[in-house]
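Fold and contact review
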Amino acid sequence: KKLVKWDGTEVYSELSSDNIDWTIHDGKLYILDGTKYLVYDGDTCVEVTPHDPGGSEPASDLTGVKRCKYILQRNNQFFAAGDEENPNTIYYSELTYPDYFKATSQIRAISNDDDVIVGLTEFHKAMVVVKQRHIYAWFGMDPNDADMRFDRINVHNGTVSQRTVARAENYLLYLAEDGIYALYGLEESYISSVK
């Protein structure tokens, strides 16, 4: 539950969990720990300050993002998931602004079996949303773009944990409740995984 430099220097000691996720953007380390959204610039680690867009633009709302456990950066846009209050919600930032999440900038990966998001990763030029029993793929960036798609991928099973998801050659490997699976494509119309 601490952020420590390689030489043992303690940088931050108030992480809420040892189950954190992180990404690097513009030379800074961004961390989610389930209660806080932090940024480390090489000297100090502090909570991310919401972006103030000014004018008539909507304010940044980091409330749900702070509760998240998973973070992914794609093409200078941040995605966060794992909010216990909204376990099927993905929050996304404005392009190039890791501190600017509008309250309306969210998408839901809902299935009818109480399945929840357990991780985010990138595969075959898409954001892959991994759930316990399902996998979804987000193609594109802007949800208002006509070319953007959010598809449920036809797979045998999801994963038990984001920590088991790993890319190997042209596969995305993951541990499910009944074995190890390889995701080899993101086609919606036929099965894209093999045990």
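**Brief notes about the sheet that holds strand 7 (residues 70–74)**
Taken together, the four strands give an open sheet; going across it, the order is 7-8-9-10, and neighbouring strands pair in antiparallel fashion. Each edge of the open sheet is held by one strand with a lone partner, namely strand 7 and strand 10 (106–108). With strand direction ignored, the average angle separating the axes of adjacent strands in the sheet is 20 degrees. The pairing of strand 8 (residues 77–81) with strand 9 (residues 89–92) spans two bridges and is classified as antiparallel. Along strand 9, the bridge assignment pairs Ala80 with Tyr91.

**Some thoughts on a nonpolar patch on the surface**
Taken together, the side chains of Val160, Tyr171, Leu173, Leu175, Ile180, Tyr184, Tyr190, Ile191 and Val194 present a nonpolar region at the surface, about 760 Å² in accessible area. Here Ile191 shows up in the loop between strand 17 (179–183) and strand 18 (193–194). Accessibility expressed as a relative area gives 39% for Ile191, which makes it partly exposed.

**Some points on the packing of aromatic side chains**
Taken as a whole and assessed by the stated rule, the structure comprises ten aromatic pairs. Taking the centre distance of 5.3 Å and the plane angle of 80 degrees together, the rings of Tyr30 and Phe78 count as edge-to-face. With Tyr30 in strand 4 (residues 28–32) and Phe78 in strand 8, the pair connects residues that are 48 residues apart, well separated along the chain. Grouping residues by exposure puts Tyr30 and Phe78 together as buried. Ring centres 5.3 Å apart and planes at 75 degrees place the aromatic pair Phe79 and Trp138 in the edge-to-face group. Here Phe79, found in strand 8, pairs with Trp138, found in strand 13 (residues 135–139); they are 59 residues apart in sequence, far enough to count as distant. Summarising the burial analysis for this pair, Phe79 and Trp138 share the class buried. Three or more aromatic residues joined by ring pairs form one cluster here, namely Phe79, Tyr92, Tyr136, Trp138 and Phe150. Across from the ring centre of Phe139, 4.3 Å away, lies the NZ or CZ of Arg149, which sits over that ring.

**Some points on the nonpolar core**
Nonpolar side chains tend to gather and get buried jointly when the protein is soluble and globular. Counting residues in hydrophobic clusters, the biggest one holds 33 residues, and the most contacted among them are Leu183 and Leu186. Among the elements of the structure, strand 7, strand 8, strand 9, strand 11 (117–123), strand 12 (126–131), strand 13, strand 16 (171–176) and strand 17 are those that each provide at least two residues to this core. Formed by 13 residues, the second largest nonpolar core is a distinct cluster that contains Tyr30, Val48, Leu62 and Val65.

**Overview of the pattern of salt bridges**
All chains considered together, the criterion is met by eleven salt bridges. When the shortest N-O distance is used, the salt bridge between Glu84 and Lys69 registers 3.5 Å. Taken together, the residues span a long stretch of sequence, with Glu84 in the loop between strand 8 and strand 9 and Lys69 in the loop between helix 1 (63–66) and strand 7 at a distance of 15 residues. Classification of Glu84 by relative accessible area gives exposed; the value is 64%. For Lys69, a relative accessible area of 22% translates into the label partly exposed. The shortest N-O distance in the salt bridge between Asp151 and Arg149 comes to 2.6 Å. Judged by relative accessible area, Asp151 falls into the buried class, the value being 8%. A cluster of three or more residues bridged by salt bridges with shared partners is formed by Glu57, Glu94 and Lys102.

Cut-offs applied
- The residue count restarts for each chain, going from 1 along the sequence in the order it is written.
- Only residues with pLDDT of at least 70 are given local features in this predicted model, and only at 80 or more are side-chain atom pairs given and counted; all residues enter the totals for whole chains, interfaces and linings.
- The side-chain figures draw on all heavy atoms in the structure; neither hydrogens nor water molecules are used.
- Between any two strands, at least two bridges found by DSSP are needed for them to pair.
- Numbering of helices and strands runs from the N terminus; a helix is a DSSP stretch of H or I covering at least four residues, while a strand is a stretch of E covering at least two.
- Simply put, an axis is a line fit to the C-alpha atoms, just over the touching stretch for a helix, and the angle between two N-to-C directions goes from 0 to 180 degrees.
- For patch detection, residues must exceed 30% relative accessible area and be free of salt bridges, and they are connected within 9 Å for like charges or within 5 Å for nonpolar side chains (Val, Leu, Ile, Met, Phe, Trp, Tyr).
- Shrake-Rupley sampling with a 1.4 Å probe provides the accessible areas, and residues are treated as covered by the protein chains on show and by no other component.
- Here a salt bridge means any side-chain nitrogen of Lys or Arg lying within 4 Å of a carboxyl oxygen belonging to Asp or Glu.
- Only protein chains enter the accessibility calculation, which uses a 1.4 Å probe; a residue whose area is less than 20% of its type maximum is buried, one above 50% is exposed, and one in between is partly exposed.
- Here the aromatic set is Phe, Tyr and Trp, taking the six-membered ring for Trp, and pairing holds for ring centres within 6.5 Å; pairs whose planes are under 30 degrees apart are stacked, those over 60 apart are edge-to-face, and all others are tilted.
- Both a distance and an angle decide whether a charge sits over a ring: NZ of Lys or CZ of Arg must be within 6 Å of the ring centre and within 35 degrees of the ring normal.
- Nonpolar cores are built from buried Ala, Val, Leu, Ile, Met, Phe, Trp, Tyr and Cys residues. Side-chain atoms within 4.5 Å join them into one set.

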